[in-house]
Amino acid sequence: MNITVQGHKIYAYTGGKPFNPAQPTAVFIHGVLNDHSVWILQTRYLAHHGWNVLAVDLPGHCKSEGPPPQSVKEAADTVIALLDAMQIEKAALIGHSFGSLIALEATARDAAAHPGRVSRLVMVGTAYPMRVSPALLDLSVSAPFKAIDMVNSFSHSTLAPPPSALGPGTWLYGGSKALMRRVLASNTQVNVFHTGFKACDSYSGGEAAMTQVTCPTLFVLGSADQMTPPKAAQSLIDGCAHPHVVKLPAGHSLMTEAPEGVLQALKDFLKP
Amino acid sequence: MAGYSDPGFDTLALHAGAAPDPVTGARAVPIHLTTSFVFESTDQAAALFNLERPGHVYSRISNPTNAVLEQRISALEGGIGAITTASGQAALHLTIATLMGAGSHIVASTALYGGSHNLLHYTLSRFGISTTFVKPGDLDAWKAAVQPNTKLFFGETVGNPGLDVLDIPAISAIAHEAGVPLLVDSTLTSPWLIKPFDHGADLVYHSATKFLSGHGTVVGGVVVDGGSFDWDKSGKFAELSQAYEGFHNMVFSEESTVGAFLLRARREGLRDFGACMSPHTAWLILQGIETLPLRMARHMDNTAKVVEFLAAHPLVSRVGHPLLDSHPSHALAQKLLPRGAGSVFSFDIKGSRAQGQKFIETLKVFSHLANVGDCRSLVIHPASTTHFRMSDDALAASGIGLGTIRLSIGLEDPADLIDDLKKALKAAEKAA
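Everything numeric here is computed off the predicted structure, so don't read it as measured data.

Conventions and cut-offs
Residues numbered from 1 in each chain as written. Chains lettered and ligands numbered in written order. Predicted model: local features only at pLDDT ≥ 70, side-chain atom pairs only at ≥ 80, totals over all residues. Helix = DSSP H or I, 4+ residues; strand = E, 2+ residues; numbered from the N terminus. Rg over C-alpha atoms; globule rule 2.2 N^0.38 Å. Buried ≥ 20, exposed ≤ 12 C-beta atoms within 10 Å, placed from the backbone. Contact = placed C-beta atoms within 7 Å. Domains from an automatic or database assignment. Nonpolar A, V, L, I, M, F, W, Y, C, P; charged D, E, K, R; others polar. Pairing = 2+ DSSP bridges. Axes fitted to C-alpha atoms, helices over the stretch in contact; angles between N-to-C directions. Core = buried A, V, L, I, M, F, W, Y, C linked by C-beta atoms within 7 Å. Parallel < 35°, antiparallel > 145°, perpendicular 65-115°, else oblique. Left-handed = near helix turned anticlockwise from the far one by under 90°. Arc of directions from axis to C-beta. pLDDT = per-residue confidence, 0-100.

A. Representation of the overall build of chain B. In terms of regular secondary structure, chain B is built from 18 helices and 12 strands. A compact globule built from 432 residues would reach a C-alpha radius of gyration of about 22 Å, and chain B, at 22 Å, matches this within 12%. When burial is assessed residue by residue, chain B has 56% of its 432 residues classed as buried. Across chain B, contacts joining residues at least 24 apart in sequence account for 73% of those joining residues at least 6 apart.

B. Focus on the overall build of chain A. When helices and strands are tallied, chain A shows 11 helices and eight strands. What you see for chain A is a C-alpha radius of gyration of 17 Å, in line with the 19 Å of a compact globule of 272 residues. Over its C-alpha atoms, taken along the principal directions, chain A stretches across nearly 45 × 40 × 35 Å. A total of 272 residues make up chain A; the buried ones form 58% of that total.

C. Summary view of the interface of chain B and chain A. With 42 residues of chain B at the interface, the matching set in chain A holds 32 residues. Every element with two or more residues in the side of chain B that touches chain A is listed here: α3 (64–77), β1 (81–85), α11 (252–255) and α12 (260–272) of chain B. When residues of the side of chain B that touches chain A are assigned to their parent elements, the largest contribution, five residues, is made by α3(B).

D. Spatial organisation of the domain arrangement of chain B. Residue and element names in this part refer to chain B. When cut into domains, chain B gives domain 1 (9–288) and domain 2 (294–430). Domain 1 and domain 2 are separated by 29 Å when their C-alpha centres are compared. With 29 residues of domain 1 at the contact, the number on the domain 2 side is 35 residues. Every element with two or more residues in the side of domain 1 that touches domain 2 is listed here: α5 (114–126) and α8 (190–193). Here the side of domain 1 that touches domain 2 is composed, by residue class, of 11 nonpolar, 14 polar and four charged.

E. Region of the structure containing the sheet that holds strand β5 (residues 91–96) of chain A. Residues and elements named next belong to chain A. Pairing in this open sheet of eight strands is mixed, and the strands run β1-β2-β4-β3-β5-β6-β7-β8 from one edge to the other. Each having just a single partner strand, β1 (2–5) and β8 (243–248) make up the two edges of the open sheet. With direction set aside, neighbouring strand axes in the sheet form an average angle of 25°. Looking at chain direction, strand β3 (residues 25–29) and strand β4 (residues 52–56) are connected through four bridges and run parallel. The residue bridging F28 from the neighbouring strand is A55, located in β4.

F. Seen up close, the nonpolar core. Formed by 215 residues in total, the largest nonpolar core has its most connected members in A:V27, A:V79 and A:L93. When residues of this core are assigned to domains, at least three map to each of domain 1 (9–288) and domain 2 (294–430) of chain B. Those residues in contact with A:L93 that lie beyond four places of it in its chain are A:V27, A:I29, A:V79, A:A103, A:A106, A:T107, A:V118 and A:L121.

G. Highlighting the packing of helix α4 (residues 134–142) of chain A against helix α5 (residues 144–155) of chain A. Residue and element names in this part refer to chain A. Between α4 and α5, whose axes approach to 6 Å, the crossing angle comes to 135°. As summarised for this structure, α4 and α5 are arranged oblique, according to the angle between their axes. Side by side, α4 and α5 meet where L136, L139 and S140 of the first sit next to P144, K146, A147 and M150 of the second. Tallied by class, the residues present in the contact of α4 with α5 amount to five nonpolar, one polar and one charged.

H. Structural detail: the environment of B:K143. Residues and elements named next belong to chain B. With respect to the helices, strands and loops of the structure, K143 is situated in helix α6 (residues 139–144). Residue class for K143 comes out partly exposed when judged on the 16 C-beta atoms lying within 10 Å of it. It is 36 Å that separates the C-alpha atoms of K143 and A297, two residues lying 154 residues apart in sequence.

I. Fine view of the sheet that holds strand β9 (residues 344–349) of chain B. All names here are of chain B. Reading across from one edge, β8-β9-β12-β11-β10 is the order of the five strands in this open sheet, with mixed pairing throughout. Either end of the sheet is taken by a strand with one partner, and the two such strands are β8 (316–320) and β10 (367–368). In this structure, β8 lies alongside β9, joined through four bridges in antiparallel fashion. Pairing of V319 across the sheet is with F347, part of β9.

J. How the structure looks around the packing of helix α16 (residues 353–362) of chain B against helix α18 (residues 414–430) of chain B. Residues and elements named next belong to chain B. One way to put it is that α16 packs onto α18 with a least axis distance of 8 Å and a crossing angle of 145°. Where α16 crosses over α18, the handedness of that crossing is right-handed. Taking contact as the criterion, the partners of Q355, K358, F359 and T362 in α16 are, on α18, K423, A424, L425, A427 and A428. By residue class, the composition of the contact of α16 with α18 is five nonpolar, two polar and two charged.

K. Broad picture of helix α7 (residues 168–177) of chain B. All names here are of chain B. All buried positions along α7 are accounted for by I168, I171, S172, I174 and A175. Down the axis, α7 shows its buried residues gathered within 160° of arc, on one side only. Elements that come into contact with the buried residues of α7 comprise α6, β4 (150–156), β5 (182–185) and α15 (330–336). Where α7 terminates, the next one or two residues include G179, which has phi positive at roughly 75°.

L. Seen up close, the environment of A:Q23. All names here are of chain A. When you line up the elements, Q23 lands in the loop between β2 (8–13) and β3. Classification of Q23 by C-beta neighbours within 10 Å gives partly exposed; the count is 14. Note: C-alpha distance between Q23 and K90 (67 residues apart in sequence) is 9.3 Å. Contacts of Q23, omitting those with residues within four sequence positions, involve G50, W51 and N52.

M. Molecular detail of the pairing of strand β2 (residues 105–109) of chain B. All names here are of chain B. Where burial is concerned, most of β2 is hidden: four out of the five residues are buried. Here β2 runs beside strand β3 (residues 130–134); their pairing, made up of five bridges, is parallel. Looking at the pairing, V107 lines up with T132 of β3. In the sheet, β2 pairs with β4 via four bridges, with the strands oriented parallel.

N. Representation of the confidence of the model for chain B. Put simply, chain B has an average pLDDT of 94, and 98% of its residues get 70 or more. On the interface metric, ipTM, the complex scores 0.96, and its pTM is 0.96.

O. Molecular detail of unusual backbone geometry. For the bond from A:Y128 to A:P129, the omega torsion is -10°, close enough to zero to count as cis. Secondary-structure assignment places A:P129 in the loop between β6 (118–124) and α4. In this model, A:S97 sits at a positive phi of 55°, which is unusual for a non-glycine residue. Note on placement: A:S97 falls in the loop between β5 and α3 (98–113). Here the phi dihedral of B:L163 falls at roughly 60°; this positive angle occurs in a residue that is not glycine. Mapped onto the elements of the fold, B:L163 is located in the loop between β4 and α7. Of the residues examined, B:L163 has 26 C-beta atoms within 10 Å and is grouped as buried.

Quick look at the structure:
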């Protein structure tokens, strides 16, 4: 569905079910050079099991209009504005990588104005700080396809994943690469690869934000993640009031490499 | 950055999609000869049917052995995923039937395998899908053939058997300007010789019966999606970008930004048309792919020697291989196919039809049969067999004369192949 947020059309995948105000809502936020479709195997299930699902394309990405966020805080404002626009009273925020920082920051910022509105926070494949090497930052501008290949290689941990998104017969390396290229091509004005990486690299409010988070928080980490290794999430876990940690045998692309593990972790954590 | 994170072609040919079996420890891919898969619960059953969770339900739709093959060929082609089918023709039909219905139009190369020409020219026209055939090298003709209802461009990497090399970069650019994808039949080249996605193709299919299997033992096909074509942006594919009542009102391009074609092809095409591959066939093709790099290298070496021999023989009037300067696709082949333009090619013998027959019947190492891409060398007379339904004009447009003989060069000792050809040519000469 399309939602007007901050004056722009924002697309949110609803898992094949219409939005029902009577149901709890889970907002899914993707990472750099991804879109809503990386969550397909978690969102569709939840949408058919009592949840409203809003898996957004971030502004300026694929089906969403508006300027792409220049910072984690800017993106968090968009997520809060989305909750306002949909008049959501209770929501779980679920983010991957860059999206996990956005979910964290949105949870912290929303706590003052709407205490308890964000009732669950899930950070998948996360790290703080989320530094990006200067070489990769440069490459995302000078040779983005080469940078995509590098990120793709480091985001996967196996040549033989179990049935994964989109299901049997899918080659994850190829799927991730094609998606990153498509997202990059979807914005002809701004290099969303570079802006996304810069937003991750420059985010400095993670520990402060975590002190504002009072809701239960789930960390889903890939034990073979080379992009955001589990130890890089430790400072956030240490600063979290109610941490739950699930480690899965997967790389950074957890939702597609270990779709069932991620879904199970979400199901257990989101139980009312 | 070579290594496990960025493996090369030969490593992928052995490992992509397959790890030791987690239950038994079996290192080779097990053959899962089962029709169905037990559900853990009613909830899981419903979720599998509704694409909420990944997994196998029924082997017409997917099977663990086939899934390994699908991942492996996707990895070798640089695609996002694949669907195995009962044959190469089934892969072609599945692709077309997923993308269009009655009232649609295809622009296709004239240099096609006879069966593909037959499907487009005769069979699909009965179902309201029309095709305009254009010479593969005539770029203006590709452009001029586009109609408002055109949904697909289609050609072979190297045309069968004239070996016209498809100018994939140029033709894909014309296709994309028209808002349609380019489908390429890469059967005769395999991903070892060319990866069409790297040059602009959007969909690739193979008759896996040929080089992928490599041993002349099974019939099978596979279609691979490069994930590059933007079905939404094109605006021509309501099949993928609008809610489909036939599958839970799913909007395939919403479910997957890059995999909409595969979603519909599997969930509708395999479900309804049912032209699936047996897991045993998938396993045999996997065995073949494990040695694809080794076999293709030998195919190319042997072909170069045979082409050189035939080109110098006085009874041979023409050898149609892009290795030779005389071939119209020589320059394009050097650009797109630096490892070789395949081991299936044709040549013409000077003399009568009877001399041609004598040549074929004298061969001993070459087998006279209707296949290509076997590890054994093969020979056939296209005008009376594989392409016999085509008119003389259509034959000529495909680069086939009445005296044309097609060879598929195998893996035998090259000296034995040349000796066999030498003796058969001598017998043909005497039959004048």
